[in-house]
Each structure stands twice: as structure tokens, then as C-alpha cells.
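# Architecture at a glance
Here is how the chains run, residue by residue.
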Amino acid sequence: MATFTNQATLTFNDTVINSNIVTGELLDVLSATKTAVSDTYLRGDTITYAVSISNTGSAPFTGLTVTDNLGAYTFGANTLYPLTFVDGALLYYVNGVLQPEPTVAAGSPLVITGINVPAGGNALIVYTVTANEFAPIAQNGTIANTATVSGGGLATPIEATETVTAANSADLSITKAISPVPVSDNETLTYTFTIQNNGNTPVVAIDDVVLTDIFDPILTDLAVVFNGTTWTEPLNYTYNDATGLFRTVEGQITVPAATYTTNPDGSITVTPGVSTLTVSGTV
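What comes next concerns the included structure.

What counts and what doesn't
- Residues numbered from 1 in each chain as written.
- Predicted model: local features only at pLDDT ≥ 70, side-chain atom pairs only at ≥ 80, totals over all residues.
- Heavy atoms only, no water.
- Helix = DSSP H or I, 4+ residues; strand = E, 2+ residues; numbered from the N terminus.
- Rg over C-alpha atoms; globule rule 2.2 N^0.38 Å.
- Buried < 20%, exposed > 50% of the residue type's maximum accessible area, 1.4 Å probe, protein only.
- Core = buried A, V, L, I, M, F, W, Y, C linked by side-chain atoms within 4.5 Å.
- Contact = heavy atoms within 4.5 Å.
- Pairing = 2+ DSSP bridges.
- Polar contact = N/O pair within 3.5 Å; in protein donor to acceptor, adjacent residues only side chain to side chain.
- Phe/Tyr/Trp six-rings, centres within 6.5 Å; stacked < 30°, edge-to-face > 60°.
- Salt bridge = Lys/Arg side-chain N within 4 Å of Asp/Glu carboxyl O.

Turning next to the overall build of the protein. A count of helical and extended segments in the protein gives 0 helices and 25 strands. Computed over its C-alpha atoms, the radius of gyration of the protein comes to 30 Å, more than 25% above the 19 Å expected for a compact globule of 283 residues. By its C-alpha atoms, the protein is 115 × 40 × 30 Å across when sized along the principal axes. Looking at the 283 residues of the protein, the share that counts as buried comes to 34%.

Below you can see the structure in the form of C-alpha cells.
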């Protein structure tokens, strides 16, 4: 609810007389909320937002515009947009009924036009964005994303903001290499496992990471090295030389967190934390 004032002026015979000042109240019949389906994100994650616009008045609002700032923030003299709209991933409902897609200008910011909210009704806009190279991903990083509803006879634009937080977690990937290729019987074969962590949290012993592999052909006389340190069985791993099943012991694999560098243009470069496990044996 907003208040407004008004005063009349009466002029006659070079005389000016002001009336009393009256104060009125303007009821806000239109309201908006914005909700993220998930409140955390990683680099490259898709985030789905729902903007709900409710009309408690007796007259409809037509031709509204919803402008989403895509989490815009200032970096030096530039404005950066950490979210990228996923084209074609927008749904528009009026009173729960799916409508044809409104007009979407998928730039930065995102502009959606032609939104209608019936009297005593609701409009819901659901859309998906991606956390891009400008999204803060270090621990406690956040994206505050604001949608502004304007036009359509609305006296004052209304805003709805939702904040999502960078997930404080590890983000692991693994690659496997073999050497030499080809290999002959009774030669030594080496598997190299490279584990990368793009997350902002290290993998530690209590995370109980386990690597499992079945070597085919079966290897004998294993030599296992993790990050330059020789491992022994059964302290660090177990191996069944009848089946080729190799398994690390829970809590033996650790991986440092990634490091993040902010570039001059504001984009963030991820340097993953890396751990390496090599397993050598005779074919």
C-alpha cells in the first residue's frame, strides 16, 4: 500500500489560494514472488525459476512486462550477468492453464512481454537459466536474481528477488589412461587414474571415496602409487588376482579443492584440484 497527496490551487484577480492537502492510499492489488527450484548451484548447472504474479483486484492487468536481471552485478566499470537464459525453456500459465509462449527477448537482461493476470487470478512464468563463467563459485558465493513486473497499467513496478548460493561441495570427475599400447604377454601394464575436483570443497578421508575397477586382462604383482606415495595391501587397497577386482579402501583417496581466478573481464577460471592413482602389474 502506498500513500499519495494532492492539493488544488484557485486563482482569481491576481490572487492565488491553495486548498488543503488531501492524502489518499493506493492499494497494491498486484504482487509477485520469485522462487528457485534449487537453492544451490555449481558451474554449468541449470537453475529453474518460477515467477508468480497474483492479482487480488477486480480488474485484470494485461500487457505486463517481466524483466529478469539474470543476477546482474557490477565488476569494475562493467555489468556482468552470471546467468544465461536457456532458449525455449519457458512455460507460461494463467490460473494454472498453460498458455502460448509470450514474447521473449533472450538477452541480458531477459525481457518477457505480453503477460496477462486476470482479476482475482494468477500468472506463473517458469524458466530455466544456466550458471555461466561469471557465476561466483567459491565458497559462500551467491547470485541475487531480481524479476521486475511493469507496464500494463501498473502504477509502480514491483520486484521479486531470489538468492541462490554456490554449493559448498566437491565436484569430481575421473579419467583413465593405459600404457603402453600395445602390450605383450608378461610385460608391465600401467593404468593411470586422474581424479579432478572442480568443486570448492576438498575431498577428505571422511568422504569415503572408493575407486573400483576390474582389470581385464588380470594383472599380477601390483605396484600402486597415489600422489607419489606407494600404497600397500590391505591398508590402502584390496585386489583379487583371480577376478581382477581392484578396490581402494574407504577414505584413502583425497582430492584438493579447485582454485578460482577472476580474469580482467570478470569471468572466473577454474583450476581443478587433482589427485593421481597409478596401478602397474604384469599381464
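Bringing the nonpolar core into the picture now. Ranked by internal contacts, the top residues of the largest apolar core, which has 37 residues, are Leu30, Tyr41, Ile53, Ile115, Tyr127 and Val149. Mapped onto this core, the elements with two or more residues apiece are strand S3 (30-36), strand S5 (46-55), strand S6 (61-68), strand S9 (83-94), strand S12 (110-117), strand S13 (122-131), strand S14 (142-151) and strand S15 (158-166). Setting aside residues no more than four positions away along its own chain, isoleucine 53 makes contact with Leu30, Ser31, Ala32, Val66, Ile115, Val117, Gly121, Asn122, Ala123 and Val149.

Turning next to the sheet that holds strand S4 (residues 40-41). Backbone hydrogen bonds hold the strands of a sheet together, and the pairing may be parallel or antiparallel. With mixed pairing, the 6 strands of this open sheet are ordered in space as S4-S15-S14-S6-S12-S11. In this open sheet, the two strands that pair with only one neighbour each are S4 and strand S11 (103-106).

With that settled, consider the side chain of asparagine 197. Along the chain, asparagine 197 turns up in strand S17 (residues 188-197). On the basis of relative accessibility, which here comes to 0%, the residue asparagine 197 falls in the buried class. Polar contacts involving the side chain of asparagine 197 include one to the main-chain amide nitrogen of aspartate 171, which spans 2.9 Å. Separated by 3.1 Å, the side chain of asparagine 197 and the backbone oxygen of proline 256 make a polar contact. Those residues in contact with asparagine 197 that lie beyond four places of it in its chain are Ala170, Asp171, Leu172, Pro202, Val203, Val255, Pro256, Ala257, Ala258, Pro272 and Gly273.

As defined by bridge partners, strand S23 (residues 259-262) adjoins strand S24 (residues 268-271) across 4 bridges and the pair is classed as antiparallel. Looking at the pairing, tyrosine 260 lines up with valine 270 of S24.

Let us now look at the packing of aromatic side chains. Overall, the coordinates contain 6 aromatic pairs when judged by the stated rule. Note on tyrosine 49 and tyrosine 127: the rings are 6.3 Å apart at their centroids and 40° apart in plane angle, and the pair reads as tilted. Pair noted here: tyrosine 49 is in strand S5 and tyrosine 127 is in strand S13, with a separation of 78 residues, a long-range link. The pair formed by tyrosine 49 and tyrosine 127 is uniform in burial state, with each residue classed as buried. Aromatic pair phenylalanine 215 and tyrosine 239: ring centres 5.9 Å apart, planes at 40°, arrangement tilted. Separated by 24 residues along the polypeptide, phenylalanine 215 in the loop between strand S18 (212-214) and strand S19 (220-226) and tyrosine 239 in strand S21 (residues 237-240) bring together distant segments of the chain. A relative accessible area of 1% means that phenylalanine 215 is categorised as buried. Tyrosine 239 gets classed as buried once you look at its relative accessible area, which sits at 14%.

A word on the environment of aspartate 265. Examined against the element boundaries, aspartate 265 turns out to sit in the loop between S23 and S24. Here aspartate 265 is in contact with Phe75, Leu80 and Phe134, once residues within four sequence places are set aside. A polar contact of 2.6 Å, which involves the side chain of aspartate 265, links it to the side chain of serine 267.

What follows is about the pattern of salt bridges. Per the stated rule, a full pass over the model turns up 3 salt bridges. We note a salt bridge from aspartate 68 to lysine 34, for which the minimum N-O separation is 2.5 Å. Placement of the pair is aspartate 68 in strand S6 and lysine 34 in strand S3, with a sequence separation of 34 residues. Residue classification places aspartate 68 among the buried residues on the basis of a relative accessible area of 1%. In this structure lysine 34 comes out as buried when scored by relative accessible area, which is 6%. For aspartate 213, the salt bridge goes to lysine 176, with nearest N and O atoms at 2.5 Å. Highlighted residues: aspartate 213 in strand S18 and lysine 176 in strand S16 (residues 172-179), separated in sequence by 37 residues. For aspartate 213, a relative accessible area of 13% puts it in the buried group.

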